[in-house]
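What follows is each chain in one-letter form.
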Amino acid sequence: MRPIVALLVMLFSLSARTQIPTSTPDIDARVEVLLKKMTLDEKIGQMNQVTGDISTGTNVAQSDMMSQIRSGHVGSVLSHTNFDNKIKMQEEAVKKSRLGIPIIFGFDVIHGYKTIFPIPLAQAASWDLASIEALERIAATEASSDGQNWTFSPMVDLSREPRWGRVMEGAGEDPYLGARIAEARVKGFQGTDLAQPNTIATCAKHFAGYGFSEGGRDYNTVDMSEQRLREFVMPPFKAAADAGSATFMNAFNTLNGTPCTMNKHIQEDMLRGEWKWNGMMVSDWNSVGETMVHGSASDVVDASAKCLIAGCDMDMAGGTYMLGMKKALEEGRVTQDQIDEAVRRVLRLKFQLGLFDNPFLYLNAKTREQNLEKPEYRDLARSVAAESMVLLKNDGGVLPITPSSPFKKIALIGPYADSRGNKDYMSFWTLGLGMREYDSTKVVTPAMALKPALEAMGFEVTVTQICMDAACTEVDYSAALKAARDADLVICLLGERGLDCGESRCVSSLELPRGQETIARMVSRGNKPVVTVLFNSRPLVFPWITENVPAILLAWQPGFEAGNALVDVLTGKVNPSGKLPITFPRNLGQVPIYYNHLNTGRPQETMGTMWTSGYLDSSVQPAWPFGFGLSYTQFRYFDIQLSKSAISMDETLEVSINVTNTGSVAGTEVVQCYIHDLSADIARPVKELKGFERIKLNPGETRKVVFKLSKDDLRYWNQDIQFKADPGKFKVFVGGNSQDVKEVEFTLR
Ligand code: GLC
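All figures in this text were calculated on a predicted structure; none of them were measured in a lab.

So, on to the packing of helix α2 (residues 25–37) against helix α15 (residues 336–352). Look at α2 against α15: their axes get within 9 Å of each other, and the N-to-C directions meet at 125 degrees. Regarding the angle of α2 to α15, the classification is oblique. Our pair here, α2 against α15, has a crossing hand that is right-handed. Contacts between α2 and α15 involve Ile27, Asp28, Arg30, Val31, Glu32, Leu34 and Leu35 from the first element and Asp340, Val343, Arg344, Leu347, Arg348, Phe351 and Gln352 from the second. Class assignment of the residues belonging to the contact of α2 with α15 gives a composition of 7 nonpolar, 1 polar and 6 charged.

What follows is the structure in structure tokens.
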């Protein structure tokens, strides 16, 4: 990691590990004083969030914003980009409404705000928690300088569904990794004091289970056991709540038949009851109103009552609370106390943010410009983009490209060699740049960086950008064929359009879009070395490339510094250390496929074995497993040891292993520790991640890595929905991915 970046990471992640107080006596007292002055109309107004100059969902009724604000009917505005308008809205609220209650501005700050970082799934592939926290610190600094007080992130939905467009927004399939990243993101955004002008409130979303929707389709049905919900959905949400996330957002989907927005079990019983979380819950876009479309509410009064009683404090964008809440009170469907408690949470958040003390704290035109798009932000963006890239194949050591590499002419070929549109190398969730129009010159494309860098190393470089956008009906491959024929090495740059990544961008096929594998086959004629670089937002399947191309690098959607990060990795300036946070299937038919699966009563070891759990036409093994990623060096794991062969419930076990860099270049390895509970009351996953450590080793260097396991690491949700550890045998596995591991057994007494 470059020194400047290391300094940034240290500075930004120095935030004390204290949880944000959900309230203080002073704030509570001030809330009560204000609440007593408010009319019912004004109270319901605080529960109403209206959309700004960007719409991120279905069409909803829009009315005159300023008159709504003057009447005290707007508690919050979301997705508003125009800074001056935000000042005007705040002035209208503070100076023209009866009680002068300030507005809170919410925004989707998903992977950067004005400086765009790698997508969250890519960041997860870095396993670099300090850098992830530091990136969110930067995002909070930019967003708060631009008048945003509240981000609708972190998105902490775990998922095993590559078809789902939003898998890019999360941290993959694992509860432990997802929980650690959720914590890092909350701390990065919120810092230690929400009243500081450069910290913003977070919103853990989408509560809950959205990533398990049937068919991998947005908004679709989710149905699972309570045991699976608590084991495979809730840990990152619990981590976000424990880290002090000021708000949560409920999900569009039904969970076991009840829409999350009116799901009392998860919002009241679990989140507020069991977890003692007392922040503010916002709906998703019109998800209050959509309870009527689900068919679980008969009208706006019914929808308002059921969602409020279930714990939804604020209605995003749909205006249903404004239409039905008053009548719900008059008909006795809700109580005044229930309304007051929701309004308290909204007001408390505004007090915590310092908005009552200074409603323009985040609307300071003087400091705005100086905090946006600082060069050092790009340094960290570049460093994390490089750290997130996953080397899947490197047969024959084609990579890295160095001056001594045995080729002279390098051809960059593909639709993502030098793309300037469609938010390529990014995603739909870069709203800080605007909806579709943005300054694409801010993105460093592969060609912009690779051509000069490789030429400076003495190579001849050609660039053949293949237009495959819908606008290019006739794709001309002739130039690509010629460029490949004339070159000694081809770098084939394929993947997904940035605008095809995110919400409402689900796919029914995991193949590379628009038949791009054809390009790889084409340029591979004449058996010269080919490197495939994939700009992907989800696990994809590319069977021909997997089998035939010697080098494959997953670049994900790397953000503004795409090209520079690619130069760093392809030339070996950065030795790739990324590890998959989500399983890559061989084919869509295997989905859902994930590493922490149950053994079944008939596990299949070899494809085709009768009477075992497998397929006639496919292996059950993934293309690449969770935690996988190669390096330009090699690491040897040996001498796994336990501090004890058995521990009691109140003891801690130490698992140690030696790791040696047996190669010729320094490298970073993510050492992973898994367990398998062999004697629980129910079937347990064949592996569960319980710890990881990123270590940097010079050639020949050996490091002893130690993991500590206690009863809390061995607990699970049993059929009686108790979270407990059973005495009995466990296996511990340590390795550089979830399959190639050393193992040892111990007993919990
Ligand atoms: C969208 C998304 C949610 C986002 C919200 C505001 O529909 O589901 O994640 O924060 O609306 O844009």
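In this section: the nonpolar core. By size, the foremost hydrophobic cluster in this structure holds 113 residues, and its most contacted members are Phe207, Phe237, Ile413 and Trp556. By residue number, the principal contributor to this core is helix α7 (residues 129–145), which donates 6 residues. Inspection of this core shows a minimum of three residues originating in each of domain 1 (44–355) and domain 2 (380–582). Apart from residues no more than four positions distant in its own chain, Phe207 is found in contact with Met234, Phe237, Phe248, Met249, Asn250, Ala251, Cys260, Ile266, Gln267, Leu271, Trp275 and Met281. With 42 residues, the next largest nonpolar core counts Leu433, Leu493, Ala562 and Val569 among its residues.

Aromatic rings considered in pairs are described by the distance between their centres and by the relative angle of their planes. Counted according to the given criterion, the structure contains 26 aromatic pairs. Relative to Phe252, the ring of Tyr210 lies with its centre 6.2 Å away and its plane at 85 degrees, an arrangement referred to as edge-to-face. A residue pair is termed long-range when its members are at least 10 positions apart, and Tyr210 in the loop between β5 (203–207) and α9 (226–232) and Phe252 in the loop between β6 (247–250) and β7 (254–255) qualify at 42 residues. What makes Tyr210 buried here is its relative accessible area of 0%. We classify Phe252 as buried; its relative accessible area is 6%. Its end group placed over the ring of Phe83, Arg368 keeps NZ or CZ at 4.8 Å from the ring centre. The ring of Phe638 carries Arg636 above its face, with NZ or CZ at 4.0 Å from the centroid.

Further remarks concern the pattern of salt bridges. Tallying each qualifying case throughout the model produces 54 salt bridges. Lys205 is the partner of Asp108 in a salt bridge, and the nearest nitrogen-oxygen pair spans 3.2 Å. Placement of Asp108 in the loop between β3 (104–107) and α6 (120–126) and of Lys205 in strand β5 is noted, with a sequence separation of 97 residues between them. The pair formed by Asp108 and Lys205 is uniform in burial state, with each residue classed as buried. Its salt-bridge partner being Glu331, residue Lys327 comes within 2.6 Å of it at the nearest N-O pair. Classification of Lys327 as partly exposed rests on a relative accessible area of 42%. Each of the salt bridges in this network shares a partner with another, and the network as a whole consists of Glu32, Glu268, Arg272, Asp313, Glu341, Arg344 and Arg345.

A few words now on helix α19 (residues 478–486). Among the residues of α19, those classed as buried are Ala480, Ala483 and Ala484. One side of α19 holds all its buried residues, which, seen down the axis, span an arc of 100 degrees. Contact partners of the buried residues in α19: β12 (409–414), β13 (460–465), β14 (489–495) and α20 (517–523).

Turning our eyes to something else, we now look at the site of the ligand. Close to the ligand lie 13 residues, the nearest being Thr56, Asp108, Lys205, His206 and Asp284. The side chain of Lys205 places a nitrogen or oxygen atom 2.7 Å from an oxygen atom of the ligand. One of the side-chain nitrogen or oxygen atoms of Glu503 is found 3.0 Å away from an oxygen atom of the ligand. Considering the ligand on its own, with 310 Å² of exposed area, one finds that the protein chains cover 100% of that surface. Considering only residue class, the shell around the ligand consists of 6 nonpolar, 2 polar and 5 charged.

Spatially, β5-β6-β9 is the arrangement adopted by the 3 strands of the open sheet, whose pairing is parallel. Here the strands that pair on one side only, and so sit at the sheet edges, are β5 and β9 (280–282). Across the sheet, the mean angle from the axis of one strand to that of its neighbour is 25 degrees, orientation sign disregarded.

The antiparallel open sheet is built from 3 strands, whose spatial order is β17-β19-β22. Looking along the sheet, the strands with just one partner apiece sit at the ends: β17 (635–642) and β22 (702–709). When the angles between neighbouring strand axes are averaged without regard to direction, this sheet yields 20 degrees. Two elements, β17 and strand β19 (residues 653–661), share 6 bridges in a ladder whose sense is antiparallel. From the neighbouring strand, Leu642 faces β19, where its bridge partner is Val655.

Bringing unusual backbone geometry into the picture now. Residue Ser153 is joined to Pro154 through a cis peptide bond whose omega torsion reads 10 degrees. Tracing the backbone shows Pro154 in the loop between β4 (150–151) and α8 (175–190). Positive phi, close to 55 degrees, is recorded for Trp556, a residue that is not glycine. Structurally, Trp556 is set in the loop between β16 (551–554) and α22 (562–570). Residue classification places Trp556 among the buried positions, given a relative accessible area of 0%. Positioned with a positive phi, Trp611 is a non-glycine residue whose angle comes to about 60 degrees. Locating Trp611 in the fold gives a position in the loop between α22 and β17.

Moving on, we get to the pairing of β5. Across the 5 residues that make up β5, a large majority, 5, are buried. Pairing of β5 with β6 involves 3 bridges; the strand directions are parallel. Across the sheet, Cys203 pairs through a bridge with Thr247, a residue of β6.

Looking now at the side chain of Glu231. Position of Glu231 relative to the elements: it lies in helix α9. On the accessibility criterion, Glu231 (10% relative accessible area) is buried. Polar contacts involving the side chain of Glu231 include one to the side chain of Arg684, which spans 2.7 Å. Residues in contact with Glu231, not counting those within four places in the same chain, are Pro175, Arg684, Pro685, Glu688 and Trp717.

About the cut-offs
- Residues numbered from 1 in each chain as written.
- Predicted model: local features only at pLDDT ≥ 70, side-chain atom pairs only at ≥ 80, totals over all residues.
- Heavy atoms only, no water.
- Axes fitted to C-alpha atoms, helices over the stretch in contact; angles between N-to-C directions.
- Helix = DSSP H or I, 4+ residues; strand = E, 2+ residues; numbered from the N terminus.
- Parallel < 35°, antiparallel > 145°, perpendicular 65-115°, else oblique.
- Left-handed = near helix turned anticlockwise from the far one by under 90°.
- Contact = heavy atoms within 4.5 Å.
- Nonpolar A, V, L, I, M, F, W, Y, C, P; charged D, E, K, R; others polar.
- Core = buried A, V, L, I, M, F, W, Y, C linked by side-chain atoms within 4.5 Å.
- Buried < 20%, exposed > 50% of the residue type's maximum accessible area, 1.4 Å probe, protein only.
- Domains from an automatic or database assignment.
- Phe/Tyr/Trp six-rings, centres within 6.5 Å; stacked < 30°, edge-to-face > 60°.
- Lys NZ or Arg CZ within 6 Å of the ring centre and 35° of its normal.
- Salt bridge = Lys/Arg side-chain N within 4 Å of Asp/Glu carboxyl O.
- Arc of directions from axis to C-beta.
- Near = heavy atom within 4 Å.
- Polar contact = N/O pair within 3.5 Å; in protein donor to acceptor, adjacent residues only side chain to side chain.
- Areas by Shrake-Rupley, 256 points an atom, 1.4 Å probe, with all protein chains shown as cover.
- Pairing = 2+ DSSP bridges.

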